[in-house]
2 protein chains.
Amino acid sequence: MNSVAARPRIKDVAEYAGVSPKTVSNVINNFEHVSERTRAAVQEAIDALGYRVNIAGRQLRQGRTGMITLAVPELDVAYFAELAKHVMDEAAARGRTVLLHSTEAVRERELAALHGFDAQFSDGVILSPLALNPRDLATRDRRLPVVLLGERPAGGSTDHVGIDNVRAAREATEHLLSRGRRRIAVVGGAVRGRQGTDRLRTDGYREALGAAGVPFDADLVIPVGAYHWRDGARAATWLVERGLCPDALLCLNDHLALGALRALHEHGRSVPGDLDVVGFDDIEASRFSVPSLTTVAPDKREIARAAVSLLLERIDAPDGAALRDHVAGHRIIVRESTGG
Amino acid sequence: MNSVAARPRIKDVAEYAGVSPKTVSNVINNFEHVSERTRAAVQEAIDALGYRVNIAGRQLRQGRTGMITLAVPELDVAYFAELAKHVMDEAAARGRTVLLHSTEAVRERELAALHGFDAQFSDGVILSPLALNPRDLATRDRRLPVVLLGERPAGGSTDHVGIDNVRAAREATEHLLSRGRRRIAVVGGAVRGRQGTDRLRTDGYREALGAAGVPFDADLVIPVGAYHWRDGARAATWLVERGLCPDALLCLNDHLALGALRALHEHGRSVPGDLDVVGFDDIEASRFSVPSLTTVAPDKREIARAAVSLLLERIDAPDGAALRDHVAGHRIIVRESTGG
DNA sequence: CATGGCGATTACATCGATGTAAATATGTCG
DNA sequence: CGACATATTTACATCGATGTAATCGCCATG
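Here the structure is a predicted model, which means the values were calculated and not measured.

Looking now at helix α11 (residues 254–266) of chain B. Structural remark: α-helix, 3.6 residues per turn; residues separated by three or four positions point the same way. Residues and elements named next belong to chain B. For α11, which comprises 13 residues, the first-to-last C-alpha distance of 18 Å matches the rise-based estimate of 18 Å (1.5 Å per residue) to within 8%. With eleven of 13 residues buried, α11 lies mostly within the body of the structure. Between the side-chain oxygen at the start of α11 and the backbone nitrogen of His255 there is a gap of 3.1 Å, and the oxygen is on Asn253.

Encoded structure:
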């Protein structure tokens, strides 16, 4: 009663079907030179015994698992959860399974992902780095195929997929400028020394200001600890209480923007009456907030598709093609928070 | 230049250190009878070669990977993303790694999780089922330790962790009743035949109504397709346009509630002026919505901790203890949407 | 100095699947 | 009908790590 039948091995299937283990393997792997008779017999044995391949054994022999890892900073940032869904869809369509991994934006854990430490069972990694610096990237283990998402790697030793962050931020800023806004704060903006996506977006913001002849005011760049509601709320509160009187907020993700909306509401500021607010990412929440949120929508499906494609190609030809950099599309979705 | 050094094996380390492979293994696994000298020498070799154990090899030999799988319906439902974070924390504290898996609430994929199909590399599975029926659970593979989250399994062949859904819903309903609400709609409520968490919560709702002598109105039970903003918005719109005139919405998760808030706003209904709204899960968004959302907050940390503990115990003693059912705590957090 | 005891180390087999190369079956053609 | 090509199947070794059991070395004891 208590004793559980051991998991059947390929050998058991072979005996049951009266063939050799290798023949069973051939059936499983759809080797072409297997007669219909044997194939049927083996399949029957597999079904009868409830056999499933042992991936450990297979990997040991083949060095492949058919799985890829997606490592993102935080799953409770909706953008990454939504992106993960697309990556899983795309991988499934290509016959792969995705192992999802959250690094919590901790450098060590991002490094671990790069080195395949937690990801040993996977053939390659799609990594969205936040805390990694270029030096870290340079020291990565070349044996593990990697595709980076988000910020473009400085060293440039991996394939990369992202949107044109500078342009996206410029366009978003232009949208605000076109509505007559002049004191535009950047929530989550990059201060000196920062190198990530925030830097690129802040640069785009400055480009737009410059082109419009609006002076740049460093006080309006508000760095944040993380990219959550609470950080956006804190930043907005800071702006209001300091009396910095911005007439628009360019928030570097939607969570920040939504948190800011709340704080502005608490302080009696009306959006878009008193200020405009814009976010990045187009998460589902932004369509349903009050007011709904104008945002820069990256083409998540395209990003996912490109990332999976690049990774699979890299897996199939490790020393193959030159490095590639896929720039995915984006568009600005105007909603109530900027009068849309 | 192009050729990459092969990944070092335990044998390479052994040769480098001048010992046998088994001794290296002993060092890696902290076997006690290894002299300090050898241990140091081996460690040096490991560092010098950059050796990392090959988990496939280890699993093949030991049958263990030190990884556990967490399979949730949808990661873009914030509750699951937040829960996942807690599970990962807890697992890390216990020296395990979590493989995250999203089933998209598809029965086949939940079954696959139960059967360890995608999860072969893990020693056990924490599964939050949505689409599985009791029969599916009965046919599960007993070799893979499983802990179920959420609804309690009917058959009862696995350990289980959840909150007291009936009581939680009753309390939430009582809160609304105490504010004088009488026409309370249940968004996401269970219609005949449903067996999941929605059923339990709907039952709790009816209990509260009954105790207060408020008649049950089946028209106020609004089933939804999924538990997203859009579904909540749709349900609220339906209620308003049908003229069903509820004076409160008990939404079975926060996403539904937040979507409903938006729809009510669009229809010019004030919350909590015209209606109250309550959700379940206490996701971060609910603290920052306008109005902020009253919600039933399950103790996610406790749930994660209990789930990991039960699973690890089950892994260590597969035929061991009797089935266990951990009921985690919950509390109602009153916010603006019910006048808090 | 021989012997026993114990800690440290090693040889070997094994986990499950599959690549290689060889063996066997099947079929074709003159 | 025989020779040869082709299609199927098989024996064996191997991937990397580790459990088992045996061996080695050292020290204490009689």
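This paragraph deals with unusual backbone geometry. For residues other than glycine, phi is negative in most cases, and the peptide bonds are mostly trans. Residue Val271(A) is joined to Pro272(A) through a cis peptide bond whose omega torsion reads 10 degrees. Along the polypeptide, Pro272(A) turns up in the loop between α11 (254–266) and β9 (276–280). The omega torsion of the bond from Val290(B) to Pro291(B) falls at -5 degrees, within 30 degrees of zero and hence cis. Within the element layout of this structure, Pro291(B) appears in the loop between α12 (284–288) and β10 (294–298). If you check the backbone angles, Ala105(A) has positive phi at about 60 degrees while not being a glycine.

What follows concerns the nonpolar core. Judged by nonpolar contacts, the single largest core of 149 residues is most densely connected at Ile126(A), Leu249(A), Ile126(B) and Leu249(B). Residues in contact with Leu249(A), not counting those within four places in the same chain, are Leu176(A), Ala185(A), Val187(A), Ala236(A), Leu239(A), Ala260(A), Leu264(A), Leu275(A), Asp276(A), Val277(A) and Val278(A).

Glancing now at the sheet that holds strand β6 (residues 184–187) of chain A. One open sheet accounts for six strands, arranged β7-β6-β8-β9-β10-β12 (chain A); its pairing is mixed. The open sheet terminates on both sides in strands that have one partner only, identified here as β7 (221–222) and β12 (330–333) of chain A.

This part takes up the interface of chain A and chain B. Facing the 55 residues of chain A at the interface are 55 residues of chain B. Summed over the shared surface of chain A and chain B, the number is ten salt bridges. Among the salt bridges present, the one from Arg262(A) reaches Glu336(B), with a minimum N-O distance of 2.4 Å. Linking chain A with chain B are 14 residue pairs in polar contact (both at pLDDT 80 or more). When contributions to the side of chain A that touches chain B are tallied by element, the ones reaching two or more residues are α4 (55–62), α5 (78–93), β2 (97–102), α10 (229–241), α11 and α12 (285–288) of chain A. Looking at the side of chain A that touches chain B, the element that brings in the most residues is β2(A), giving six residues. For the side of chain A that touches chain B, a count of residues per class yields 24 nonpolar, 15 polar and 16 charged.

Cut-offs and rules
- Residues numbered from 1 in each chain as written.
- Chains lettered and ligands numbered in written order.
- Predicted model: local features only at pLDDT ≥ 70, side-chain atom pairs only at ≥ 80, totals over all residues.
- Heavy atoms only, no water.
- Helix = DSSP H or I, 4+ residues; strand = E, 2+ residues; numbered from the N terminus.
- Expected span 1.5 Å × (residues − 1).
- Buried < 20%, exposed > 50% of the residue type's maximum accessible area, 1.4 Å probe, protein only.
- Polar contact = N/O pair within 3.5 Å; in protein donor to acceptor, adjacent residues only side chain to side chain.
- Core = buried A, V, L, I, M, F, W, Y, C linked by side-chain atoms within 4.5 Å.
- Contact = heavy atoms within 4.5 Å.
- Pairing = 2+ DSSP bridges.
- Salt bridge = Lys/Arg side-chain N within 4 Å of Asp/Glu carboxyl O.
- Nonpolar A, V, L, I, M, F, W, Y, C, P; charged D, E, K, R; others polar.

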